[in-house]
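Commentary on secondary and tertiary structure
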Amino acid sequence: MVVAAAANQPFTLSLWPPKSWRQDFPDPPHPNPLGKRRFRRQRLGLRAALVEAARPKEAADGSSMQQHQVQIYRRGGGDRTEDLQAEARAMLRAANASLYSPELLAARYGSRPIKVVGRALQILIALSWFGVKVLVDQRKGVLDRNKRKRAAELRSVFTRLGPTFVKLGQGLSTRPDLCPAEYLEELSQLQDALPTFPDADAFSCIERELGLSLDSIFSSISPSPIAAASLGQVYKARLRSGDVVVAVKVQRPGIEEAIGLDFYLIRGLGFLINKYVDIVTSDVVALIDEFARRVYQELNYEGKNARRFKKLYADREDVLVPDIFWDYTSSKVLTMEWVDGVKLNEQAAIEKQGLKVLDLVNTGIQCSLRQLLEYGYFHADPHPGNLLATPEGKLAFLDFGMMSETPEEARFAIIGHVVHMVNRDYEAMARDYYALDFLSTDVDVTPIVPALRNFFDDALNSTVSELNFKTLVDGLGAVLYQYPFNVPAYYALILRSLTVLEGLALYADPNFKVLAASYPYFAKRLLTDPNPYLRDALIELLFKDGKWNRLESLLVQGRKDRDFSAKDALQPVLKLLLAPDGEELRILVIKEAVRITEAFVLGTVIDTYNSIPDLLRALMFNGNASGVISMSKTEQQNMIELRDQVYRIWGLLRSSENFDPSLFQPILQVLQQPEGRILGGRVIGGITQRLAARLLQQVLRAPATVSASS
């Protein structure tokens, strides 16, 4: 088995983990068989978790994806075998970490009625008082007027009820299908700011989890936490080994017990809502289960999330992901490289370092788009505290507890959704909600189309790149709230991520538009991605209404992305052109080829005619004021404009990075194939018919316009 180390020096492990090492770490005792089985599954999965594949990852369509050369393990050289073994030991220490299981929670708390009733009363009193106020507002007819006030009160209630409800409020802030806009905005302000717990408890947890004394691990550690959150708190320390400054995150004592009890109660409430509250169309129990799983993932401080994120995205020079120190990491203690930096919402401090907030936000947007739409594994909590600007101008990502994944089908559907929005194809936008898993396939989307049209026709008065993302989210949220949508958790987190990034940018520039910053990425993916869904979306975008300015716009935007290549831009459509299922595309290509050829021929004739002196022109054409071609001024102008547009597109291709004339070789090879010769004959036939019609019109001197479908 070959393991690709960060130093690119392969080494071989005959068996992993070695027999002697396995004997040093026998199965610890487990109170129940389920925990023991889970531990064995995790141990058996170690080999797969530790091996970094030497081959590039295969894309869904069989093409080879870019191979990243990223240093995954600790910096400064050293024996990579030790790093791998340290990670394995950390995973063993985390093997007993709690996983969310509704069945286990029911078994644990079903037999503890006093504890359950006590906590239920505490929650019920707090929420009932809030509910009474809402009912009074409704009776008095001031429900809408007091929405903002009640939303702020709910935020305060959640904060008082503790970590579970802080997390629940943050989760609700991403659910436009469940909450009105006023509640979304207030709940998004919930901060992970709870009182710190005693330092002695934190230091005891470190020693207990790592099996070492504090003095043997650190040469120094801050006497009090430098940051505190709902699930834990962070200390700054210096390791004795290597004299490295690190951040040590320690889990809050008793947090598993508190969160487990709360989710047991909340889940019971979810069953009641599903059964008796008709206004809520989503499956509340399923939403609670999904959210609880993510919170439990945050409880497990294992560094696998950070390692995976670093492997996928830290290949960029402007992105920093801190290293994990596996020897000092467990499910309740996480030791990471210390990152010096400034929070992304502290504009003055960032500018003091000679950096620009917008540059850093744009880095975050580009990295987020890769996360969301390229690999699908993304940071689901990019608030200002988790994004730092380093003195070197890099954007550092922190806190990888809340991660999520975008399903592969949904990644392409999101890009296609943007295309349909550009085309104002609201029927197709509505159908996209099937692929996005917003709607069951048995739901009729016909009533949704007018709502989309009403909102987007107003919102798209300007170009899509000028559309404010928050405006889009709020408007779309209003549609989701009115119809039987079930927004998947991943999509709600996507909206939250991009909204947070746009909010950070708006502090520095009130005119910043996240869609404008995202457009180059979408353009590049449309022009270069061979995926059939995106290829069809590109064809639809280019050939609908025959507007070649869309191709020009895509090329202009795509060139702004540093990964854009003109060579790749021609391949997806070219491969379909002669495919058995490409007849529809061939008809479109023939039609456009005829139009463009006519534009070049007649445009040249018009330019030649206009270059002749007036006196000579009058003699040659017997004083015919209509010119050499019987065509209206508007039609002549449109013809020349189309020709010039093709010239500009050619110029954009030539000026793009990595342009090589040999990229047209595949086109020549295609034309030499029998299918290509047939297609060429059809194009020549269409051009001949078109020019013959123009010639006949000229002979008869008829001013009528020739139809584009001739």
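Residues numbered from 1 in each chain as written. Predicted model: local features only at pLDDT ≥ 70, side-chain atom pairs only at ≥ 80, totals over all residues. Heavy atoms only, no water.

Looking at the packing of aromatic side chains
Taken as a whole and assessed by the stated rule, the structure comprises 14 aromatic pairs. Here Tyr 100 and Phe 263 contribute two aromatic rings whose centre-to-centre distance is 6.3 Å and whose plane-to-plane angle is 70°, an arrangement assigned as edge-to-face. Here the residue Tyr 100 occupies a position in the loop between α4 (80-93) and α5 (102-109), and Phe 263 occupies one in helix α12 (residues 255-276), the gap between them amounting to 163 residues. Every member of this aromatic cluster is reached through a ring pair, and the members are Phe 309, Tyr 313, Tyr 375, Phe 397 and Phe 400. One residue, Arg 308, lies across the ring of Tyr 377, its end atom 3.8 Å from the ring centre. (Phe/Tyr/Trp six-rings, centres within 6.5 Å; stacked < 30°, edge-to-face > 60°. Helix = DSSP H or I, 4+ residues; strand = E, 2+ residues; numbered from the N terminus. Lys NZ or Arg CZ within 6 Å of the ring centre and 35° of its normal.)

Digging into the packing of helix α7 (residues 147-161) against helix α8 (residues 163-172)
Interaxial distance between α7 and α8 falls to 5 Å at its minimum, and their mutual angle equals 145°. Counted together, Phe 158, Thr 159 and Leu 161 of α7 and Pro 163, Phe 165, Val 166, Gly 169 and Leu 172 of α8 form the full contact between these two elements. Considering only residue class, the contact of α7 with α8 consists of six nonpolar, two polar and no charged. (Axes fitted to C-alpha atoms, helices over the stretch in contact; angles between N-to-C directions. Contact = heavy atoms within 4.5 Å. Nonpolar A, V, L, I, M, F, W, Y, C, P; charged D, E, K, R; others polar.)

Observations regarding the pairing of strand β8 (residues 333-337)
Taking burial as the measure, the five residues of β8 include five buried ones, the bulk of the element. Sheet topology note: the strand β6 (residues 245-251)/β8 ladder contains five bridges and is antiparallel. Looking across to β8, one finds that Val 250 is bridged to Val 333. (Buried < 20%, exposed > 50% of the residue type's maximum accessible area, 1.4 Å probe, protein only. Pairing = 2+ DSSP bridges.)

A look at helix α16 (residues 357-375)
Taking 1.5 Å per residue as the helical rise, α16 with its 19 residues ought to reach 27 Å, and the 26 Å between its terminal C-alpha atoms agrees with that figure. Where burial is concerned, most of α16 is hidden: 14 out of the 19 residues are buried. Of the residues trailing α16, Gly 376 is marked for its positive phi of about 85°. (Expected span 1.5 Å × (residues − 1).)

Re the side chain of His 379
In this structure, His 379 sits in strand β10 (residues 377-379). Taking the relative accessible area as the measure of exposure, His 379 reaches 3% and is therefore buried. A polar contact of 2.8 Å, which involves the side chain of His 379, links it to the backbone oxygen of Leu 398. Ignoring any residue separated from it by four or fewer positions in sequence, one finds His 379 in contact with Phe 309, Gln 371, Asn 386, Phe 397, Leu 398, Asp 399, Phe 400, Met 402, Met 403 and Ser 497. (Polar contact = N/O pair within 3.5 Å; in protein donor to acceptor, adjacent residues only side chain to side chain.)

Quick look at the sheet that holds strand β12 (residues 395-397)
Pairing is mixed across the open sheet formed by four strands, whose spatial order is β7-β12-β11-β9. Looking at strand neighbours, the two that pair on one side only are β7 (319-320) and β9 (342-343), the edges of this open sheet. When β7 meets β12, the two strands line up parallel, connected through two bridges. Note on β12: the bridge partner recorded for Val 319 is Leu 395. Sheet strands touched by α16: β7, β11 (387-389) and β12. Its angle to β12, the strand with the most contacts, is close to 45°.

Comments concerning unusual backbone geometry
Look at Asp 243: it is not a glycine, yet its phi comes out positive at around 55°. Mapped onto the fold, Asp 243 is located in the loop between β5 (232-239) and β6. Backbone geometry at Asp 399 places phi at a positive 60°, although glycine is not the residue there. Tracing the chain through its elements places Asp 399 in the loop between β12 and β13 (403-405). For Asp 399, a relative accessible area of 23% translates into the label partly exposed.

Here we look at the nonpolar core
Phe 263, Leu 344, Phe 438 and Leu 452 are the most contacted members of the largest nonpolar core, which totals 125 residues. In terms of residues, this core owes the most to one element, helix α21 (residues 489-508), which gives 10 residues. Discounting chain neighbours no more than four positions away, the residues touching Leu 344 are Ile 350, Val 357, Leu 360, Val 361, Pro 384, Leu 387, Ala 389, Leu 395 and Leu 504. Among the nonpolar cores identified, the runner-up in size contains 18 residues, and Phe 197, Phe 203, Leu 214 and Ala 237 belong to it. (Core = buried A, V, L, I, M, F, W, Y, C linked by side-chain atoms within 4.5 Å.)

A closer look at helix α27 (residues 583-611)
Compared with the 42 Å implied by 1.5 Å per residue over 29 residues, the 42 Å span of α27 between its first and last C-alpha is a close match. Within α27, the full set of buried residues consists of Leu 585, Arg 586, Ile 590, Glu 592, Val 594, Ile 596, Glu 598, Ala 599, Leu 602, Gly 603, Ile 606 and Tyr 609.

Notes on the side chain of Thr 335
The topology assignment puts Thr 335 in strand β8. Residues in contact with Thr 335, not counting those within four places in the same chain, are Val 246, Ala 247, Val 248, Asp 323, Ile 324, Phe 325, Tyr 328 and Thr 329.

Some details on the pattern of salt bridges
Following the criterion strictly, the structure yields 20 salt bridges and no others. Here the residues in one salt-bridge network are Lys 133, Asp 137, Arg 150 and Glu 153, joined through shared partners. (Salt bridge = Lys/Arg side-chain N within 4 Å of Asp/Glu carboxyl O.)

Observations concerning the environment of Val 321
The residue Val 321 is located in the loop between β7 and β8 in this model. Given a relative accessible area of 0%, Val 321 falls into the buried group. Spatially, the C-alpha atoms of Val 321 and Ala 306 are 7.5 Å apart, while their sequence positions differ by 15 residues.

Focus on the environment of Lys 343
Within the fold, Lys 343 resides in strand β9. Residue classification places Lys 343 among the partly exposed residues on the basis of a relative accessible area of 39%. Separated by 53 residues in sequence, Lys 343 and Ala 396 have C-alpha atoms that sit 9.7 Å apart. Non-local contacts of Lys 343, meaning those with residues more than four positions away in its chain, are made with Ile 350, Pro 384, Gly 385, Leu 387 and Leu 388.

Section: a nonpolar patch on the surface
Together, Val 117, Leu 121, Leu 124 and Ile 125 make up a nonpolar patch on the protein surface, roughly 390 Å² of accessible area in all. Along the chain, Leu 121 turns up in helix α6 (residues 113-140). The class of Leu 121 is partly exposed, set by a relative accessible area of 45%. (Patch = residues over 30% accessible without salt bridge, like charges linked within 9 Å, V, L, I, M, F, W, Y side chains within 5 Å. Areas by Shrake-Rupley, 256 points an atom, 1.4 Å probe, with all protein chains shown as cover.)

Focus: the confidence of the model for the protein
For the protein, the average pLDDT comes to 75, and 73% of its residues sit at 70 or higher. Per-residue pLDDT stays below 50 along residues 1-70; that stretch engages in 107 contacts with residues further than four places along the chain or on separate chains. Across residues 702-710 the pLDDT falls below 50, and counting only partners more than four positions away or on other chains, this stretch makes 13 contacts in the model. (pLDDT = per-residue confidence, 0-100.)

Section: the packing of α8 against helix α13 (residues 284-299)
Taken N-terminus to C-terminus, the directions of α8 and α13 make an angle of 125°; their axes are 11 Å apart at the nearest point. One element, α8, and the other, α13, form an angle in the oblique class. α13 is crossed by α8, and the crossing has right-handed handedness. For the pair formed by α8 and α13, the contact residues are Lys 167, Leu 168 and Gly 171 on the first element and Phe 291, Val 295 and Glu 298 on the second. In terms of residue class, the contact of α8 with α13 is built from three nonpolar, one polar and two charged. (Parallel < 35°, antiparallel > 145°, perpendicular 65-115°, else oblique. Left-handed = near helix turned anticlockwise from the far one by under 90°.)

What to know about the environment of Glu 257
Tracing the backbone through its elements, the reader meets Glu 257 in helix α12. Take Glu 257: its relative accessible area is 27%, and that puts it in the partly exposed class. Placed 152 residues apart in sequence, Glu 257 and Leu 105 show a C-alpha to C-alpha distance of 10.0 Å. Residues contacting Glu 257, with those up to four places away along its chain left out, are Tyr 109, Arg 112 and Lys 115.

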